[in-house]
Amino acid sequence: MSEHTIAGKKVAFLLTDGVEQIELTSPWNAVKEAGGEPTLVAPKGGKLQGYDGTEKGETFDVDLAVDQARASDFDALVIPGGVVNADHLRIHKGAQDFVRGFFEQHKPVASICHGPWLLIDAGVVSGRKVTSYPTLQTDLKNAGAHWSDEEVVVDQGLVTSRNPHDLPAFNSKLLEEIAEGEHAGQTA
C-alpha cells in the first residue's frame, strides 16, 4: 500500500496506439493500489495497441473518448510515453484542449518519457521545470521549459520523468501530488 492515499480521486490517463505499455500499467496500478480511480482516455474508442519498446505488447480498452472528456471531471492527468503514442497525441486538438484544462484548473499532471511532447503542443511548458526522454530536451527548451536530466522533476503539480527506469520515483511523486491536490502555480 502506498503512503499516499488518494481514495476516490479520479485520474485520467491520456494515450493512443503506440503507448509504452509499462508507462501506462505501472502508474495505473499505483493509482489503483492507492485507492484512486483510473480512466483510459483516448482520441478514439475501442482498443489501443501497447508496445514494449519496438515490440507489440498488450491491448487496452478505452473508457472515454477525449472529445467527451472534461478536465473538471478528474482530479489529475497522466500522460504516458512511447514515441508513436506521443507523436500522434501531440497534434490532436482534443488532446491539447483536454491537457490545457488541467493546467487552467491547477490540477496535477504527470508525464513521462516522450509524453511531454503533448505538453509543448498544448502550450503549457513555458517557464516550467521539466525532464523527459533526452531526445525531447531541445524541443522543450525551445518551448521555454527549463529542462534537466533527473529521475523525476516536480514543479507546482507538474511531474515529469525520463524513461521506464524512473517509474518508481515517477509513481511516488504522482501519488504525492494527487494527494496534495490543486496547486496555484500549476497554470498554462
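The rules we used
- Residues numbered from 1 in each chain as written.
- Predicted model: local features only at pLDDT ≥ 70, side-chain atom pairs only at ≥ 80, totals over all residues.
- Heavy atoms only, no water.
- Helix = DSSP H or I, 4+ residues; strand = E, 2+ residues; numbered from the N terminus.
- Rg over C-alpha atoms; globule rule 2.2 N^0.38 Å.
- Buried < 20%, exposed > 50% of the residue type's maximum accessible area, 1.4 Å probe, protein only.
- Contact = heavy atoms within 4.5 Å.
- Lys, Arg positive; Asp, Glu negative; His and termini not counted.
- Charge placed at Lys NZ, Arg CZ, Asp CG, Glu CD.
- Pairing = 2+ DSSP bridges.
- Axes fitted to C-alpha atoms, helices over the stretch in contact; angles between N-to-C directions.
- Phe/Tyr/Trp six-rings, centres within 6.5 Å; stacked < 30°, edge-to-face > 60°.

K.L.:
Help me get a handle on the overall build of the protein, residues and values and all.
P.N.:
Of regular secondary structure, the protein possesses six helices and 12 strands. Radius of gyration (C-alpha) of the protein: 14 Å, near the 16 Å computed for a compact globule of 188 residues. A principal-axis box enclosing the C-alpha atoms of the protein has dimensions of 35 × 35 × 30 Å. Burial statistics for the protein: of 188 residues in total, 54% are counted as buried. A sequence separation of at least 24 residues applies to 66% of the contacts in the protein between residues at least 6 apart. Seen as two clouds, the 16 positive and the 28 negative side-chain charges of the protein have centres 4 Å apart.

K.L.:
Break down the sheet that holds strand E7 (residues 76-79) for me, citing the residues and quoting the values.
P.N.:
Spatial strand order, E6-E3-E1-E7-E8-E12-E11: seven strands in an open sheet with mixed pairing. At either margin of the open sheet sits one strand with a lone partner, and together these are strand E6 (64-65) and strand E11 (152-155). Bridge analysis of strand E3 (residues 37-42) against E6 gives two bridges, and the strand direction is parallel. Across the sheet, the residue bridging to Ala42 is Ala65, located in E6. Where helix H1 (residues 22-33) meets the sheet, it contacts strand E1 (10-14), E3, E7 and strand E8 (109-112), and its direction lies at approximately 150° from that of E3. Lying over the sheet, helix H6 (residues 167-180) contacts E1, E7, E8, E11 and strand E12 (158-161), oriented at roughly 175° with respect to E12.

K.L.:
I'd love a proper account of the packing of aromatic side chains, names of residues and values included.
P.N.:
Centre distance and the angle of the planes are the two values used to describe a pair of aromatic rings. Tallied over the full model, the rule gives three aromatic pairs. Summarising the aromatic geometry, the rings of Phe13 and Trp28 are spaced 5.1 Å apart at their centres and angled 55° between planes, so their arrangement reads as tilted. Of the two residues, Phe13 is situated in strand E1 and Trp28 in helix H1; the sequence distance between them amounts to 15 residues. Here Trp28 falls in the buried class, since its relative accessible area comes to 18%. With 6.1 Å between their ring centres and 85° between their planes, Phe74 and Phe98 make a pair best called edge-to-face. Of this pair, Phe74 sits in the loop between E6 and E7 while Phe98 sits in helix H3 (residues 93-104), and the two are 24 residues apart along the sequence.

K.L.:
So what's going on with the side chain of Glu23? Residues and values would help.
P.N.:
Tracing the sequence through the fold places Glu23 in helix H1. Discounting residues that sit within four places of it in the chain, Glu23 has contacts with Pro80, Gly81, Gly82, Ile112, Cys113, Asn163, Pro164 and Leu167.

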